[in-house]
There are 2 protein chains.
Amino acid sequence: MKLSTKGRYAVTAMLDLALHSGEGPITLAEVSGRQHISLSYLEQLFARLRKANLVDSIRGPGGGYELKRPATQISVAEVVLAVNEPITATRCNGKADCQGGDICLSHQLWTELSDQIYQFLSGITLHQVIQRDFVQQVAERQNTRFQEEDLIAFR
Amino acid sequence: MKLSTKGRYAVTAMLDLALHSGEGPITLAEVSGRQHISLSYLEQLFARLRKANLVDSIRGPGGGYELKRPATQISVAEVVLAVNEPITATRCNGKADCQGGDICLSHQLWTELSDQIYQFLSGITLHQVIQRDFVQQVAERQNTRFQEEDLIAFR
DNA sequence: CTCATACCCGAGTATTTTAGTCAACTTTAC
DNA sequence: GTAAAGTTGACTAAAATACTCGGGTATGAG
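Residues numbered from 1 in each chain as written. Chains lettered and ligands numbered in written order. Predicted model: local features only at pLDDT ≥ 70, side-chain atom pairs only at ≥ 80, totals over all residues. Heavy atoms only, no water.

The full set close to DNA strand C counts 28 residues, and S57(A), Y65(A), T5(B), Q44(B) and R59(B) are the nearest of them. Restricting attention to atoms of DNA strand C within 4 Å of the protein, one finds that 67% of them are sugar or phosphate atoms. Y9(B) places a side-chain nitrogen or oxygen 3.1 Å from a phosphate oxygen of DNA strand C. Broken down by secondary-structure element, the contributors of at least two residues to the surface near DNA strand C are α3 (39-51), β1 (55-58) and β2 (64-67) of chain A together with α1 (5-19) and α3 (39-51) of chain B. Class assignment for the residues of the surface near DNA strand C results in 8 nonpolar, 13 polar and 7 charged. (Near = heavy atom within 4 Å. Polar contact = N/O pair within 3.5 Å; in protein donor to acceptor, adjacent residues only side chain to side chain. Helix = DSSP H or I, 4+ residues; strand = E, 2+ residues; numbered from the N terminus. Nonpolar A, V, L, I, M, F, W, Y, C, P; charged D, E, K, R; others polar.)

Printed below as a string of structure tokens:
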């Protein structure tokens, strides 16, 4: 379990999809506008999310992305795992072959911690996150702000 | 709470000190030999551990480092925090000022996760780790191996 | 039909972090 | 005095991160 801003971006983007589900396909341009993540970077992330079967893509005009499963059935852990490399070749990972055959003293500890993090993030669905008051409020602000920016752009 | 190999190295080194406490000051050269961490890198790490009041240094011949407090009173979390930058200026950290004033959707989630990780690592002392059979065995192997290498080096 | 819209993909790049190295210096035991 | 240790700061190579850029390709609206 690796934790980086990459995973955060992916989760944020997925939450955006979840918040606007039922409105038809969401374009990455919209997500980019609302969440302030660059379009090209989003494309990279969504390529992975698609391969992980977390989103469906609809091409052509009027196209975009939508969640493949309902938000109640997608855990945060899945999203994070989808965008991070499966098993990084950092020393002391999985195969326990750090220190040339021997195992480093803290090895077991990190394995436990990884499990702990995974457990935590698996227990939380996208739906649960967007139900929170806090998220609802931020989302509300983002919507109005985005509409304003939209108007300005069209002038 | 940041998780990197740097923190792992620090914990491994501290466990080494804990395992050899009561034998007087331990030189970084010994730790380097047993844990296969480069001496210069250890110097960097121990500079921070010293500033964090986790180890005492004894200069001059026969000197080295020892734990400032007994291993039962040092948590893994303290060690990790000591070597990682206090609060990295990565977007979405502490001040919640990502997205230019607004807060990103997943912000709250990561705060919770950080707390979770911190709780887990705070609950574990260096002493608890070295009590484990697994660690004892690895340590035993390391001792014999180090002594062999030592002999070879002196030939 | 066609053309703008949107996803798709691979390569390239700037920045940051990691994981060190190197050199010079200080303290202190013998 | 001298050698063993810690102390400090600057420097660097490699990797990961966080992007950008330039082209594709599918497709639906007009």
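Near DNA strand D there are 25 residues, and of these T5(A), S38(A), Q44(A), R59(A) and Y65(B) occur at the shortest range. Here DNA strand D approaches the protein such that, of its atoms within 4 Å, sugar and phosphate make up 66%. Here a base nitrogen of DNA strand D and a side-chain polar atom of R59(B) are 3.4 Å apart. A distance of 2.4 Å separates a phosphate oxygen of DNA strand D from a polar side-chain atom of Y65(B). Secondary-structure elements contributing two or more residues to the surface near DNA strand D are α1 (5-19) and α3 of chain A together with α3, β1 (55-58) and β2 (64-67) of chain B.

Below, the discussion takes up α1(A). All names here are of chain A. The end-to-end C-alpha distance of α1, which contains 15 residues, comes to 21 Å, matching closely the 21 Å that a straight helix rising 1.5 Å per residue would cover. Across the 15 residues that make up α1, a large majority, 12, are buried. For α1, every residue scored as buried is listed here: G7, R8, Y9, A10, V11, T12, A13, M14, L15, D16, L17 and A18. (Expected span 1.5 Å × (residues − 1). Buried < 20%, exposed > 50% of the residue type's maximum accessible area, 1.4 Å probe, protein only.)

Turning next to the environment of V76(A). Residue and element names in this part refer to chain A. Locating V76 in the fold gives a position in helix α4 (residues 76-83). Since its relative accessible area comes to 0%, V76 is described here as buried. When the C-alpha atoms of V76 and L17 are compared, they prove to be 13 Å apart, with 59 residues separating the residues in sequence.

It is worth spelling out unusual backbone geometry at this point. All names here are of chain A. Of note in the backbone geometry, N53 takes a positive phi value of approximately 60 degrees without being a glycine. For N53, the position within the fold is in the loop between α3 and β1. Relative accessible area serves as the criterion here: at 41%, N53 is assigned to the partly exposed category.

Residues and elements named next belong to chain A. Scanning the model with the defined rule gives 8 salt bridges over all chains in all. The salt bridge partner of E30 is R34, with a shortest N-O separation of 4.0 Å. With a gap of 4 residues between them, E30 and R34 both fall in helix α2 (residues 28-35), about one helical turn apart. On the accessibility criterion, E30 (24% relative accessible area) is partly exposed. (Salt bridge = Lys/Arg side-chain N within 4 Å of Asp/Glu carboxyl O.)

This part is about the side chain of S32(B). Along the polypeptide, S32(B) turns up in helix α2 (residues 28-35). When sequence neighbours within four positions are dropped, the list of residues in contact with S32(B) reads I37(B), S38(B), L39(B) and L42(B). (Contact = heavy atoms within 4.5 Å.)

What follows is about the packing of aromatic side chains. Residues and elements named next belong to chain A. Overall, the coordinates contain 4 aromatic pairs over all chains when judged by the stated rule. The interplanar angle of 90 degrees and the centroid separation of 5.7 Å between the aromatic rings of Y9 and Y41 together place this pair among those described as edge-to-face. One end of the pair, Y9, is in helix α1; the other, Y41, is in helix α3, and 32 residues separate them in sequence. Take Y41: its relative accessible area is 27%, and that puts it in the partly exposed class. (Phe/Tyr/Trp six-rings, centres within 6.5 Å; stacked < 30°, edge-to-face > 60°.)

To continue, consider the pairing of β2(A). Residues and elements named next belong to chain A. Looking at chain direction, β1 and β2 are connected through 4 bridges and run antiparallel. Across the sheet, residue D56 finds its bridge partner in β2, namely E66. What sits between the antiparallel neighbours β1 and β2 is a turn of 5 residues, in which G60 has the positive phi angle 80 degrees. (Pairing = 2+ DSSP bridges.)

So, on to the packing of α1(A) against α4(A). Residue and element names in this part refer to chain A. Viewed as axis vectors pointing N to C, α1 and α4 meet at an angle of 130 degrees, and their least axial separation amounts to 9 Å. With respect to α4, the element α1 is oriented oblique. The crossing of α1 and α4 is right-handed. For the pair formed by α1 and α4, the contact residues are K6, G7, A10, V11 and M14 on the first element and V76, V79, V80 and V83 on the second. (Axes fitted to C-alpha atoms, helices over the stretch in contact; angles between N-to-C directions. Parallel < 35°, antiparallel > 145°, perpendicular 65-115°, else oblique. Left-handed = near helix turned anticlockwise from the far one by under 90°.)

Keep in mind these numbers describe shape, not what the thing actually does.
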